[in-house]
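# Per-entry structural report
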Amino acid sequence: MSTTTAVPVIPAPAAAPRPPSPAARNPVGAHVPVAARGLAGTGLAYARRVGAETVQVFVANPRGWATPPGNPAQDKEFRAACAELAVPAYVHAPYLINFGSDTPATRERSAASLRHSLRRGHAIGALGVVLHTGSAVGAAADGGSRRAEAMAQVRADVRPLLDELDALGDDAPWLLLEPTAGQGRSLCSRMEDLAEYLDALDGHPKVGICLDTCHAFAAGHDLAAPGGVRETLDALVAAAGADRLRLIHANDSEDAVGARKDRHANIGDGLIGAEPFRELFEHPATAGVPLIVETPDRKHGGDGTGHARDITALKALRAAARPA
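Each value, and the rule that gives it
Per-chain numbering applies: the sequence of each chain, read as written, is numbered from 1 onward. Thresholds applied to this predicted model are a pLDDT of at least 70 for local features of residues and 80 or more for the giving and counting of side-chain atom pairs; totals over whole chains, interfaces and linings are not thresholded and use all residues. Hydrogens are left out, water is left out, and the side-chain values use all remaining heavy atoms of the structure. Only DSSP runs of H or I with at least four residues qualify as helices, and only runs of E with at least two residues qualify as strands; both kinds are numbered from the N terminus onward. C-alpha atoms define the radius of gyration, and 2.2 Å times the number of residues to the power 0.38 defines the globule rule. Contacts: residue pairs with any heavy atoms within 4.5 Å of one another. Where accessible areas are quoted, they stem from the Shrake-Rupley method and a 1.4 Å probe; at the residue level, only the protein chains shown are allowed to cover. Neither His nor the chain ends contribute to the count of charged residues, in which Lys and Arg are positive and Asp and Glu negative. Every charge is mapped onto a representative atom, which is NZ of Lys, CZ of Arg, CG of Asp or CD of Glu. The angle between two axes is taken between their N-to-C directions and runs from 0 to 180 degrees, where each axis is a line fitted to C-alpha atoms and a helix contributes only its stretch in contact. Should an angle lie under 35 degrees it is considered roughly parallel, over 145 roughly antiparallel, and from 65 to 115 roughly perpendicular; all remaining angles are considered oblique. Residue classes follow a fixed rule: Ala, Val, Leu, Ile, Met, Phe, Trp, Tyr, Cys and Pro count as nonpolar, while Asp, Glu, Lys and Arg count as charged, and any other residue, Gly among them, counts as polar. Note on exposure labels: buried denotes an accessible area under 20% of the residue type's maximum, exposed denotes more than 50%, and partly exposed covers the range between, all computed with a 1.4 Å probe on protein chains only. It is the directions from the helix axis to the C-beta atoms that the arc portrays. Every case where a carboxyl oxygen of Asp or Glu lies within 4 Å of a side-chain nitrogen of Lys or Arg is listed as a salt bridge. Strands qualify as paired when DSSP identifies two bridges or more between them. N or O atoms within 3.5 Å of each other form a polar contact, as long as, within protein, one can give a hydrogen and the other can take it, and as long as residues adjacent in sequence are counted only when both atoms are side-chain atoms. Helices are assigned an expected span. That span is 1.5 Å times one less than the residue count. To form a nonpolar core, buried Ala, Val, Leu, Ile, Met, Phe, Trp, Tyr and Cys residues must be joined to one another through side-chain atoms within 4.5 Å. Each residue carries a pLDDT score, the predictor's confidence in it, ranging from 0 to 100. Working definition: rings of Phe, Tyr and Trp (its six-membered ring) pair if their centres are within 6.5 Å, and the pair is stacked with planes under 30 degrees apart, edge-to-face with planes over 60 apart, and tilted otherwise. Placement of a positive charge over a ring is assigned whenever Lys NZ or Arg CZ falls within 6 Å of the ring centre and within 35 degrees of the normal to the ring plane.

Another point: the overall build of the protein. Check the secondary structure of the protein and you find 10 helices and 10 strands. What you see for the protein is a C-alpha radius of gyration of 22 Å, in line with the 20 Å of a compact globule of 324 residues. In terms of principal-axis extent, the alpha carbons of the protein reach across some 110 × 50 × 45 Å. In the protein, 78% of the contacts between residues at least 6 apart in sequence involve partners at least 24 apart. Surface exposure of the protein reaches about 14800 Å², of which carbon and sulfur atoms provide 55%. The protein carries 33 positive and 37 negative side-chain charges, and their two centres are separated by 4 Å.

So, in structure tokens, the structure goes:
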């Protein structure tokens with residue numbers, strides 16, 4: 001009579017938890033062109049070529065008032081492709097928008113333009129729409145500053161658009177305020193200015209911040225100084241709150257700190273330098289925040305070579321960072 005000995009089944013060891021990927025913490029990408037073959041055909045093809053993990057697009061001429069309707073088929077294709085590739089998308093509103101203008105026609109066109117960007121952003125599945133915070137153009141009746149009047153205009157013109165944003169549903173994009181470089185009579189360039197701007201919009205829960213590193217440097221935040229990045233981000237959090245930072249425009253600066261000039265340089269080629277961008281990845285306020293490069297590409301041939309180089313540099317700095 002033969003007998004068989006049962007072989008004990010040894011359970012497989014539990015798989016070790018995988019650490020979050022660097023891209024999950026801070027996707028790095030670029031503002032991409034969309035002319036010719038559209039959002040997916042041109043924009044995402046460019047993103048693949050330069051190694052972008054996130055993208056930013058225009059949905060209208062950035063230097064005009066036209067509000068094109070878009071192409072529903074292309075919108076659907078782009079939205080589906082971004083979801084499949086896990087590529088967060090953002091829209092940059094046109095540069096002409098200025099709710100601080102003393103010209104009623106400019107304010108009316110600004111409202112129509114921002115409304116268009118928010119709706120188109122929703123149609124393509126964008127997570128946010130970036131808006132430059134504008135300036136108090138003109139002089140008050142007494143010859144002084146129009147700042148108070150301009151901030152009242154921001155409230156009167158933008159607050160109703162936020163109500164419309166709410167009506168789009170939970171998947172509506174955030175409105176992301178981008179402080180400017182401080183040129184002219186800027187309404188918001190220093191981090192501390194964000195508190196007043198947000199207060200004008202009643203601290204609406206869908207209003208966030210887009211930090212442009214070149215703008216911040218130009219406005220006087222010395223990111224290149226020891227501890228400068230931490231101090232700047234701490235000031236942003238103090239003024240806006242810990243959860244408002246939603247996007248970073250990662251741009252070096254051709255001009256010195258406090259110059260109030262918005263001239264972008266490639267990462268490491270400007271007066272900010274490469275090291276402060278590593279420090280960005282280490283601050284708790286940047287956890288989960290994507291970085292978009294808007295750096296010069298034409299000087300590298302205009303084919304994406306410059307953007308690819310900057311994205312590669314930022315990924316290396318991300319890998320070297322020690323997040324808090």
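Additional details are given in the paragraphs that follow.
Our focus in this paragraph is the packing of helix α5 (residues 147–167) against helix α6 (residues 193–200). Between α5 and α6, the shortest axis-to-axis distance is 8 Å and the interhelical angle comes to 45°. By the angle class used here, α5 and α6 are oblique. Touching R147, M151, V154 and R155 of α5 are D193, E196, Y197, D199 and A200, all from α6. Grouping the constituent residues of the contact of α5 with α6 by class yields four nonpolar, no polar and five charged.

Attention now goes to α6. Of the positions making up α6, those classed as buried are D193, L194, Y197, L198 and A200. An end-on view of α6 places all buried positions within 155° of arc, on one side of the element.

Time to look at the pattern of salt bridges. According to the stated counting rule, one finds 19 salt bridges in the structure shown. Taking the shortest distance from any N to any O, the salt bridge between R120 and D75 comes out at 2.7 Å. Of this pair, R120 sits in helix α4 (residues 104–123) while D75 is found in helix α3 (residues 72–85), placing the two residues 45 residues apart along the sequence. The burial state of R120 is the same as that of D75; both residues are buried. Across the pair R190 and E192 runs a salt bridge, and its minimum N-O distance is 3.2 Å. In this structure R190 comes out as partly exposed when scored by relative accessible area, which is 28%. Shared partners join several salt bridges into a network, and the residues in it are R155, R159, D163 and D202.

What the eight strands build is a closed barrel, ordered β1-β2-β3-β4-β5-β6-β7-β10; its pairing is parallel. The average angle at which neighbouring strand axes cross in this sheet is 30°, direction not considered.

Okay, the environment of H215 next. Inspection of the secondary structure puts H215 in helix α7 (residues 213–218). Judged by its relative accessible area of 3%, H215 is buried. The spatial distance from the C-alpha of H215 to the C-alpha of T180 is 5.5 Å, given a sequence separation of 35 residues. There is a polar contact of 3.4 Å between the side chain of H215 and the side chain of E178.

Moving on, we get to α4. Across its 20 residues, α4 extends 29 Å between first and last C-alpha, which sits within 8% of the 28 Å expected from 1.5 Å per residue. Turning to α4, its buried residues number three or more, namely S110, A111, S113, L114, H116, S117, L118, R120 and G121. Residues of α4 that are buried sit in contact with α2 (38–50), α3, β3 (89–92), β4 (128–132), α5 and β5 (174–178). One or two residues past the end of α4 sits G125, with phi positive at roughly 80°.

Right, let's get into the nonpolar core. In this structure, F78, F99, L114, L177 and L314 are the most contacted members of the largest nonpolar core, which totals 74 residues. The leading source of residues in this core is α5, at seven residues. If we ignore the near neighbours within four places in the chain, the residues touching F78 are L39, A40, L44, V55, A89 and I124. If you look at the next biggest cluster of nonpolar residues, it comprises seven residues, including Y90, V130, C210 and I292.

Across the protein, the average pLDDT comes to 92, with 93% of residues at or above 70. Contacts for the low-pLDDT stretch residues 1–19, under 50 throughout, to residues beyond four places or in other chains number zero contacts.

To continue, consider the packing of aromatic side chains. Scanning all chains against the criterion turns up one aromatic pair. One residue, R246, lies across the ring of W174, its end atom 3.9 Å from the ring centre.

With respect to the secondary-structure elements, P69 resides in the loop between β2 (55–57) and α3. Classification of P69 by relative accessible area gives exposed; the value is 73%. For P69 and N251, which are 182 residues apart along the polypeptide, the C-alpha to C-alpha distance reads 31 Å.

For strand β7 (residues 245–249), the buried fraction is high: four of the five residues fall into the buried class. In this structure, strand β6 (residues 207–212) lies alongside β7, joined through four bridges in parallel fashion. If you follow I209 over to β7, its bridge partner there is L245. Pairing of β7 with strand β10 (residues 291–293), which is carried by two bridges, proceeds in the parallel orientation. Within the sheet, the bridge partner assigned to I248 lies in β10 and is L291.

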